[in-house]
Amino acid sequence: MSGPEATVWLNALLRFLQWAQHGVLVLLHTLGLTGEAHGQPAWPWDVRIAGETLLIDLGQARQLGVTFIAVALALLAVVIAVLVRRWRAVSLGVAAGFLVVAPWPSVVVLAPAMPTSFHVSPTAFSVVSITHGTRVYNTACASCHGADGRGEGPLTATLTRWPPTVVGPLLGRRADGELFWHIAHGMQDVQGVTTMPAFADRLSDTDIWAVLDYMKVLAASGGVRAGGWPLPVALPALSVRCGDAPPQSLVAWRNGQRVRVVAVDAASGNGIPLEDPRFQTLLITPDGTLPPPTRAFQARCVAASADAWDVFAAIAGAGPQAFSGTQLLADRNGWLRARGEPGTTWSDADFLCTSAARETTPTHASGLDSLIARMDAEPVRYVKGGFIH
Ligand code: HEC
């Protein structure tokens with residue numbers, strides 16, 4: 001990938017393509033020209049624009065961008081031709097000229113699409129969904145994909161094709177809706193022989209979105225041990241309870257601020273940290289409750305779910321027994337970025353999610369301050385299956 005300027009216009013182009021294709025889909029659905037698949041409007045064509053190709057082929061991306069501009073100018077000229085009779089001939093000529101000189105890109109910028117290509121996961125990557133997905137995965141998928149997601153389950157020896165590992169960039173490369181389709185309707189090799197079985201008759205749509213959430217956690221978990229999360233991981237949605245106030249959603253509580261997640265159990269005792277103005281502090285406890293405070297300014301907001309412990313432990317790549325004392329940092333956009341092991345002081349080595357287009361910002365601050373500065377200076381620009389998230 002080239003320099004930052006290329007990233008800016010390429011991001012704008014990808015965003016536009018995503019918006020335009022989604023807009024077309026919503027329009028067709030509103031007009032009754034396309035139905036629904038799995039509860040959301042169905043993409044009616046078997047191709048879509050391949051954002052993932054444009055991302056690596058800047059030449060094609062530039063061509064497509066210039067073509068869009070030429071088509072927009074041609075349309076403008078047609079509008080002028082309709083409105084201003086005197087200029088009609090000239091305007092139509094100019095419109096035709098734009099269409100002729102536009103550097104029409106080749107068919108390479110198209111990728112195979114499925115009815116669910118543009119579908120968005122309804123789960124918000126919640127603790128509830130991840131926990132449900134864990135059960136689905138262990139009963140329906142682990143026999144082939146392996147309990148740790150590396151594709152080494154007990155059934156693999158009997159398969160014609162080895163299942164891919166999810167502990168890598170795979171899930172980050174594909175659009176969620178296309179992964180969903182592969183799980184619901186299976187996959188075939190070029191001879192048409194089934195490689196990945198279809199699950200639509202055994203699993204509900206909710207089950208499939210949940211198992212995808214859990215696979216992302218498996219990817220994070222395995223990735224930590226290899227030095228970094230292979231795909232950006234969002235803060236899972238959950239309810240937060242602060243003191244005696246009624247629980248509220250994490251998004252409302254966070255209110256656009258950074259979050260420090262701290263795992264504390266009974267053994268941590270006074271290990272409950274003090275509030276810190278640099279971020280909101282979210283405590284995770286094994287049972288989702290907090291002991292009474294022992295000091296002033298102690299953090300008092302806890303994830304109100306007993307399942308949060310296992311989910312966050314997995315994301316941090318730690319077993320539930322070894323999780324106490326671990327900290328995770330999320331940026332203002334809600335992406336988890338760094339992990340601190342129990343008892344250590346923060347350093348740049350704790351960064352687990354770095355930006356693809358990194359501009360190193362030399363800072364003189366140390367430890368946590370330097371980490372925060374870097375997190376803010378390098379926001380996650382996540383392009384998944386050619387779609388920006
Ligand atoms: C019988 C063995 C088997 C089972 C059971 C199985 N898979 Fe697969 N899976 C495969 C194989 C083999 C592939 C590779 C297929 C290919 O590339 O043609 C695959 C591929 C995948 C992929 C990659 C899709 C892509 O877009 O490349 C995902 C995601 C996946 N499986 C999820 C699941 C989930 C979720 C379950 C459980 C609900 C599951 N699999 C159960 C064998 C299996």
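Residues numbered from 1 in each chain as written. Predicted model: local features only at pLDDT ≥ 70, side-chain atom pairs only at ≥ 80, totals over all residues. Heavy atoms only, no water.

If you look the chain up in an unreviewed UniProt entry, it shows as Cytochrome c domain-containing protein from Ralstonia psammae.

S.K.: Go over the confidence of the model for the chain with me, naming the residues and quoting the values.
M.R.: Averaged over every residue, the pLDDT of the chain is 89; the share at 70 or more is 92%. Of all secondary-structure elements in the chain, the lowest mean pLDDT belongs to strand 16 (residues 387–388), at 59, while helix 5 (residues 127–140) reaches the highest, 98. Residue range residues 355–363 is modelled with pLDDT below 50. Its contacts to residues more than four positions away, or to other chains, number twelve contacts. (pLDDT = per-residue confidence, 0-100. Helix = DSSP H or I, 4+ residues; strand = E, 2+ residues; numbered from the N terminus. Contact = heavy atoms within 4.5 Å.)

S.K.: Break down the packing of aromatic side chains for me, with residues and values.
M.R.: Going through the model one piece at a time under the given rule, you end up with seven aromatic pairs. Ring centres of tryptophan 309 and phenylalanine 323 lie 5.1 Å apart, and the angle between their planes is 80 degrees; this geometry places the pair in the edge-to-face category. Placement of the pair is tryptophan 309 in helix 11 (residues 308–315) and phenylalanine 323 in the loop between helix 11 and strand 13 (327–330), with a sequence separation of 14 residues. The residues tryptophan 309 and phenylalanine 323 share a single accessibility class, namely buried. Of the aromatic side chains, those joined through ring pairs into one cluster are Phe16, Trp19 and Phe68. (Phe/Tyr/Trp six-rings, centres within 6.5 Å; stacked < 30°, edge-to-face > 60°. Buried < 20%, exposed > 50% of the residue type's maximum accessible area, 1.4 Å probe, protein only.)

S.K.: Now, about the UniProt feature "domain: Cytochrome c" (unreviewed entry) in the chain: what can you tell me, with residues and values included?
M.R.: As recorded in UniProt, the feature "domain: Cytochrome c" (unreviewed entry) lies at residues 128–219. As annotated, residues 128–219 comprises 50% helix and 5% strand, and the C-alpha atoms at either end are separated by 18 Å. (UniProt positions renumbered as here; feature names shortened; annotations may be inferred.)

S.K.: Quick one: what's the story with the pairing of strand 10 (residues 259–263), residue by residue and with numbers?
M.R.: The buried count for strand 10 comes to five of five residues, which makes it a mostly enclosed element. Of the two faces of strand 10, the one lined by Val259, Val261 and Ala263 and the one lined by Arg260 and Val262 are each fully buried. Inspection of the sheet shows strand 10 paired to strand 11 (residues 280–284) by five bridges, in the parallel sense. Bridging across to strand 11, valine 262 finds its partner in leucine 283. (Pairing = 2+ DSSP bridges.)

S.K.: Which residues make up unusual backbone geometry, and what values go with them?
M.R.: Residues other than glycine seldom take positive phi values, yet histidine 38 does so here, at roughly 50 degrees. By the element assignment, histidine 38 lies in the loop between strand 1 (36–37) and strand 2 (40–41). Owing to a relative accessible area of 24%, histidine 38 belongs among the partly exposed residues under this scheme. Here phenylalanine 125, not a glycine, exhibits a phi torsion of approximately 50 degrees, which is positive. Checked against the element boundaries, phenylalanine 125 lands in the loop between strand 4 (110–112) and helix 5.

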